[in-house]
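Below, each chain spelled out in residue letters.
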Amino acid sequence: MASVMGLLEERESAARAAVEELQAEADRVLAELAVAEGVLERRVIARVELAEALAAPAEEAAVVVPGPREASAEAVKVPVTGSVVPRWHQAGTLQALAPEYRRIVELVESAEGDGAGMSAKELAARLGLELVPAKIEGVRSRAKRLVEREWLAASPSGRFTPRRPTATARAAAGTPDGGRGGGS
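Residues numbered from 1 in each chain as written. Predicted model: local features only at pLDDT ≥ 70, side-chain atom pairs only at ≥ 80, totals over all residues. Heavy atoms only, no water.

Peer 1: Even after reading the chapter, I still don't get the overall build of the protein chain, so can you show me in this structure?
Peer 2: When helices and strands are counted, the protein chain shows 6 helices and 4 strands. Order of helices (α) and strands (β) in the protein chain, N terminus to C terminus: α-β-α-β-α-α-α-β-β-α. Counting only residues that meet the buried cut, the protein chain has 18% of its 184 residues in that class. Taking the intrachain contacts of the protein chain between residues at least 6 apart in sequence as the baseline, contacts between residues at least 24 apart amount to 40%. (Helix = DSSP H or I, 4+ residues; strand = E, 2+ residues; numbered from the N terminus. Buried < 20%, exposed > 50% of the residue type's maximum accessible area, 1.4 Å probe, protein only. Contact = heavy atoms within 4.5 Å.)

Okay, structure coming up:
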């Protein structure tokens, strides 16, 4: 016959093993939950972005340019929501941008203050959007795209500022040709 103390030690050992096994299972489930939550958040943002993109007309409007007979047959494409953001160039105007991008540039350029620029959250608020992470990130994404295409500038703190005019940038560099040395 086994001792009572021996029986209790066996039961304690079995209970300890069950607790360790369940703890390992709980850790695994929590790790899977964290991954699933991340996937869900990305899907929500993607759905919101897609809904915004589809909210405007999906077709590009064609405007006929008056002129010679051959030229009138050609159509000039007008930017619409979802169109590609062109690179900024000296002759470029805001009319080359789709409406949502044009509005962001206009807001940043008209911002009052000490020249610190605007955050994505401030832009979202001024655009009249609901201040939820998905909307703010959508605005940040558009503003970053405008920075990449040189329509805006961004500070290291993540604030968006108007693009420095080429003449101002050259004057700041101290050279008439933007710092290229002007040599032959």
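Peer 1: Explain the packing of helix H3 (residues 99–109) against helix H5 (residues 133–148) to me, please; I cannot follow it from the model alone.
Peer 2: When two helices pack together, their arrangement is given by the angle between their axes and by how far apart the axes lie. Running from N to C, H3 and H5 cross one another at 80°; their axes reach a closest spacing of 10 Å. Classified by the angle their axes make, H3 and H5 are roughly perpendicular. Side by side, H3 and H5 meet where Glu 100, Tyr 101, Ile 104 and Val 105 of the first sit next to Val 139, Arg 142, Ala 143, Arg 145 and Leu 146 of the second. Residues of the contact of H3 with H5, tallied by class, amount to 6 nonpolar, no polar and 3 charged. (Axes fitted to C-alpha atoms, helices over the stretch in contact; angles between N-to-C directions. Parallel < 35°, antiparallel > 145°, perpendicular 65-115°, else oblique. Nonpolar A, V, L, I, M, F, W, Y, C, P; charged D, E, K, R; others polar.)

Peer 1: How should the environment of Ser 141 be read in this particular structure?
Peer 2: Its location among the elements puts Ser 141 in helix H5. Along the sequence, Ser 141 and Ala 120 sit 21 residues apart, while their C-alpha atoms lie 8.8 Å from each other.

Peer 1: Would you mind showing me how to read unusual backbone geometry here?
Peer 2: A negative phi holds for most residues other than glycine; trans holds for most peptide bonds. Unusually for a residue other than glycine, Glu 150 sits at a positive phi of about 70°. Relative to the helices and strands, Glu 150 resides in the loop between H5 and strand E3 (152–154).

Peer 1: Looking at this structure, how should I read the pattern of salt bridges?
Peer 2: Pairing between side chains of opposite charge can happen when their charged atoms approach one another. With the rule as written, the count across this model stands at 7 salt bridges. A salt bridge links Glu 12 to Arg 16; the nearest nitrogen and oxygen atoms lie 2.6 Å apart. In this pair, Glu 12 and Arg 16 are both assigned in helix H1 (residues 4–55), 4 residues apart and thus about one turn of the helix distant. According to the relative accessible area criterion, Glu 12 is partly exposed, its value standing at 44%. A salt bridge links Glu 148 to Arg 149, with the shortest nitrogen-to-oxygen separation between them at 3.4 Å. (Salt bridge = Lys/Arg side-chain N within 4 Å of Asp/Glu carboxyl O.)

Peer 1: Hey, could you run me through the side chain of Thr 161 in this one?
Peer 2: Inspection of the secondary structure assignment puts Thr 161 in strand E4 (residues 160–162). A residue is classified by how much of its surface remains accessible, and Thr 161, at 15% relative accessible area, is buried. The residues contacting Thr 161, other than those within four sequence positions of it, are Val 108, Gly 115, Ala 116, Gly 117, Leu 152, Ala 153 and Ala 154.

Peer 1: Help me understand the nonpolar core, please; the structure alone is not making it clear to me.
Peer 2: The nonpolar side chains of a soluble globular protein tend to be buried, and buried together. Leu 97, Leu 123, Leu 146 and Trp 151 are the most contacted members of the largest nonpolar core, which has 20 residues in total. Elements represented by at least two residues in this core include exactly H3, helix H4 (120–126) and H5. Among the elements that line this core, the one with the most residues is H3, at 5 residues. Discounting residues that sit within four places of it in the chain, Leu 123 has contacts with Ile 104, Leu 107, Val 108, Met 118, Val 139, Ala 143 and Phe 160. (Core = buried A, V, L, I, M, F, W, Y, C linked by side-chain atoms within 4.5 Å.)

Peer 1: I keep staring at the packing of H1 against H5 and nothing clicks. Help me out?
Peer 2: Packing of H1 against H5 leaves a shortest axis separation of 10 Å and a crossing angle of 65°. In terms of axis orientation, H1 runs roughly perpendicular to H5. Taken as a pair, H1 and H5 cross one another with a handedness that is right-handed. Of the residues in H5, those touching H1 at Ile 45, Val 48, Glu 49 and Glu 52 are Ala 134, Lys 135, Gly 138 and Arg 142. Here the contact of H1 with H5 is built from residues that sort into 3 nonpolar, 1 polar and 4 charged. (Left-handed = near helix turned anticlockwise from the far one by under 90°.)

Peer 1: Before we go on, may I ask you to explain the confidence of the model for the protein chain in this structure?
Peer 2: Close inspection of predicted coordinates is inappropriate in any region flagged by low pLDDT. On average, the protein chain scores 76 in pLDDT, and the residues at 70 or more come to 71%. At the level of individual helices and strands, the protein chain shows its lowest average pLDDT in strand E1 (residues 62–64), which scores 43, and its highest in H4, which scores 91. Considering only residues more than four positions removed or in separate chains, one finds that residues 68–76, a stretch of pLDDT under 50, has 11 contacts. Every residue in residues 167–184 scores below 50 in pLDDT, and together they form 9 contacts with partners more than four places removed in sequence or on other chains. (pLDDT = per-residue confidence, 0-100.)

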